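Overview (structure and organization)
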Amino acid sequence: MTCGRGVEPEGEVMGRRSFLARCAAVLGAAIAAVLGSTGLSYFISPAFKKDEEDWVDVGGTKDIRPGAPVKVDFVARKRDAWAVTEKRSSAWVATKDGREFTAFDPRCTHLGCPYRWDQAKEQFLCPCHAAIFDAGGAVVSGPPPRPLDRYDAKVVNGRLLIQPIPRRRAA
Amino acid sequence: MKNALILARDWIVERTGFDRVWEVLFERHVPEAKGPAAWLYTLGSASLFVFLVQVVTGSLLAMNYVPSPDHAYDSVRFIGEKVLCGSFIRGLHHWGASFMVVLVVAHMLRIYFMGSYKYPREGTWMVGVVLLLLVVGLGFTGYLLPWDQKAYWATAVGTNIAEQTPFIGPLVAKVLKGSSELGAATLPRFYALHVLVLPAAMLLGLGVHLFLVVWHGISEPPERARRPGEAP
């Protein structure tokens, strides 16, 4: 008699030996599947985690008039895995009609320099490489690859709330 | 006394067959290379030696290093300034890392230009390529650990390069960073890869690689082809 795996004695459809070998294979596959799938999800979970940042109250909306974007400063609580840090940050807030507000990330999309609003030209100017954006954040001239990044903004009871995560917009 | 040593040796040999193992590993035939070319045959052993140095010095460094953004930089400074021989051990690990990349690339070039990757040694070559990638991975993950400006921005650049991959780039970058931003999740992730995952894979690969080297023997240096009419 041979000792090979799954070799049946004469005339048997499935003997004890190959039955046990199959059980071991199935159990082994089940264990590998559980360990593999849970381990893999643990490892790649950051890829599917949504960036959730708290809404930050940056002030009342009545100070912000159409045609004159305002720079607002605020303190954002930033979650970094288990660490929570408070970071001073700012945003440029513009409005067309006093009801809908747009908040821009205060860094130029070229190389991250802080830009400013030029009231006379009614444009955002970046001092580093002479980039110009219009009041809607679109590139007028200069090297930036895409319009100004935006923060999600909403108005609740006359207060402007923003979520300080830069959202990219297509060029 | 001498008798006792022989007795001890015989006791071990009888129970482990170690004399045969020794014979196979260290008394095997190697090509008779002459001149400077002979040195090229030392590159694999040199890589192995530097890897062992990295294992020893790395284990020592891990005894004082803390992979947390709050403490990583200070713990590395502590190793350099306060621990006896700390700067020497860290220096060995630092230079060993660079030297290791140089050695394994030189080793690969030797194999390539001497044609040693050919039948029947393709498996050795393939495992060797994996080992080369593991060395690069160890270098990349280890570079972040001092958590200084150079480490941080080099890793920012590295993960941004990964992000440029078509379709899967952003996912790969997030998995590497453990978050969408390089930070508190990234450092322990890189540390775990650097001290657990990659060295374990490396040891496994080295085992297979060395087994195959011994199994097939070392290839002869290539010979110049005879010109037409030249005597053999």
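Note: the structure precedes this text.
What you see is a predicted model, and the numbers here were worked out from it, not measured in a lab.

**What to know about the environment of B:Val104**
- Summarising the element assignment, B:Val104 is placed in helix 6 (residues 86-113).
- The residues touching B:Val104, leaving out its near neighbours within four places in the chain, are B:Ser47, B:Leu132 and B:Val135.

**Thoughts on the packing of helix 4 (residues 43-62) of chain B against helix 6 of chain B**
All names here are of chain B.
- Contact geometry for helix 4 and helix 6: axes closest at 9 Å, N-to-C directions at 155°. By the criterion of interaxial angle, the relationship of helix 4 to helix 6 is roughly antiparallel. For the crossing formed where helix 4 meets helix 6, the hand is left-handed.
- The class makeup of the residues in the contact of helix 4 with helix 6 is 15 nonpolar, eight polar and two charged.

**Side note on the sheet that holds strand 4 (residues 101-104) of chain A**
Residue and element names in this part refer to chain A.
- In spatial order, the strands read 1-10-9-4-3-2; together these six strands make up an open sheet with antiparallel pairing. Here the strands that pair on one side only, and so sit at the sheet edges, are strand 1 (56-60) and strand 2 (70-80). Between one strand axis and the next, the sheet turns through 35° on average, direction left out of account.
- Sheet topology places strand 4 next to strand 9 (residues 150-156); two bridges connect them, and they run antiparallel.

**A look at the packing of helix 8 (residues 149-163) of chain B against helix 9 (residues 169-177) of chain B**
Residues and elements named next belong to chain B.
- Running from N to C, helix 8 and helix 9 cross one another at 150°; their axes reach a closest spacing of 7 Å. Relative to helix 9, the element helix 8 is oriented roughly antiparallel. In this structure, helix 8 uses Thr159, Ala162 and Glu163 to contact helix 9, whose residues at the interface are Gly169, Pro170, Val172, Ala173, Leu176 and Lys177.

Criteria and cut-off values
Residues numbered from 1 in each chain as written. Chains lettered and ligands numbered in written order. Predicted model: local features only at pLDDT ≥ 70, side-chain atom pairs only at ≥ 80, totals over all residues. Helix = DSSP H or I, 4+ residues; strand = E, 2+ residues; numbered from the N terminus. Contact = placed C-beta atoms within 7 Å. Axes fitted to C-alpha atoms, helices over the stretch in contact; angles between N-to-C directions. Parallel < 35°, antiparallel > 145°, perpendicular 65-115°, else oblique. Left-handed = near helix turned anticlockwise from the far one by under 90°. Nonpolar A, V, L, I, M, F, W, Y, C, P; charged D, E, K, R; others polar. Pairing = 2+ DSSP bridges.

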